[in-house]
Structures are given as C-alpha cells and as structure tokens.
Amino acid sequence: MKTSEIEKLSLEDLHDKLAEFKKKLSDLKMNHAVSPLGNPLQIKTVRKTIAGLLTAISAKQNEIITSEHGK
C-alpha cells in the first residue's frame, strides 16, 4: 500500500488493514520456511507496509488526543 492510500483510511480501517497484513506476513513466513518463495522480497514489502500502518495509527491517535485536549 502506498502512503497516500494509508493516510486516507480511518482509524478502524487502519486497524483492519494491520490485522490483514500481519496475517499475510505470518503466512508468507510459514510458506518460506516450508519451501522458498518465488519472490522473498514480498516479506520485506509486507513488513514495510505494516510499519507504515503502525505509523499512521500512531499519528491518528495523537491527532485525536491533541484535539481532545485543545477543547
């Protein structure tokens, strides 16, 4: 997922996508342990996507906290 796509998602959608990509990462690692993947860089890409999602979740939560304290 691109950063621009991630930024457009709501907090709930971000959590859903995070769970989806964590499952995908787990499946890729399991498949790679059993037999080598055709493209092992998929693991790296999924890990980076998870990191981006976590960063976006953190940023959105900070926005919510900041807006609540500002009232």
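The model shown is predicted, which means the values in this text are computed figures rather than measured ones.

S.K.: Even after reading the chapter, I still don't get helix H2 (residues 11–34), so can you show me in this structure?
M.R.: In an α-helix there are 3.6 residues to a turn, and that puts residues three or four apart on one side. For H2, built from 24 residues, the straight-helix expectation of 34 Å at 1.5 Å per residue is met to within 8% by its first-to-last C-alpha distance of 35 Å. Within H2, the full set of buried residues consists of Leu-14, Leu-18, Phe-21, Leu-25 and Leu-28.

S.K.: Help me understand the environment of Leu-25 in this model?
M.R.: Among the structural elements, Leu-25 can be located in helix H2. Accessibility expressed as a relative area gives 13% for Leu-25, which makes it buried. Each C-alpha atom, one on Leu-25 and one on Pro-40, is 11 Å from the other, the two residues being 15 residues apart in sequence. If we ignore the near neighbours within four places in the chain, the residues touching Leu-25 are Ile-43, Val-46, Arg-47 and Ile-50.

S.K.: Just checking my understanding: could you explain the environment of Ser-58 for this structure?
M.R.: Relative to the elements of secondary structure, Ser-58 occurs in helix H3 (residues 41–70). Of the residues examined, Ser-58 reaches a relative accessible area of 36% and is grouped as partly exposed. Ser-58 sits 47 residues away from Leu-11 along the chain, and the two C-alpha atoms are 9.5 Å apart.

S.K.: Is there a simple way to think about the pattern of salt bridges in this case?
M.R.: Applying the stated criterion across every chain yields a total of 2 salt bridges. A salt bridge links Lys-17 to Glu-20; the nearest nitrogen and oxygen atoms lie 4.0 Å apart. Separated by 3 residues within a single helix, Lys-17 and Glu-20 lie in helix H2, roughly one turn from each other. Among the salt bridges present, the one from Lys-23 reaches Asp-27, with a minimum N-O distance of 3.1 Å. In this pair, Lys-23 and Asp-27 both sit in helix H2, 4 residues apart, roughly one turn of the helix. Accessibility expressed as a relative area gives 52% for Lys-23, which makes it exposed. Look at Asp-27 and you get partly exposed, because its relative accessible area is 34%.

S.K.: For this particular structure, what's the right way to read the environment of Asn-39?
M.R.: Within the element layout of this structure, Asn-39 appears in the loop between H2 and H3. For the pair formed by Asn-39 and Gly-52, sequence separation is 13 residues and the distance between their alpha carbons is 21 Å.

S.K.: Please explain the side chain of Thr-49 as it appears in this structure.
M.R.: Mapped onto the secondary structure, Thr-49 falls in helix H3. With a relative accessible area of 6%, Thr-49 lands in the buried category. Contact partners of Thr-49, with chain neighbours within four places excluded, come to Met-1 and Phe-21.

Each value, and the rule that gives it
Residues numbered from 1 in each chain as written. Predicted model: local features only at pLDDT ≥ 70, side-chain atom pairs only at ≥ 80, totals over all residues. Heavy atoms only, no water. Helix = DSSP H or I, 4+ residues; strand = E, 2+ residues; numbered from the N terminus. Expected span 1.5 Å × (residues − 1). Buried < 20%, exposed > 50% of the residue type's maximum accessible area, 1.4 Å probe, protein only. Contact = heavy atoms within 4.5 Å. Salt bridge = Lys/Arg side-chain N within 4 Å of Asp/Glu carboxyl O.

Function cannot be read off these values alone, since they describe shape.
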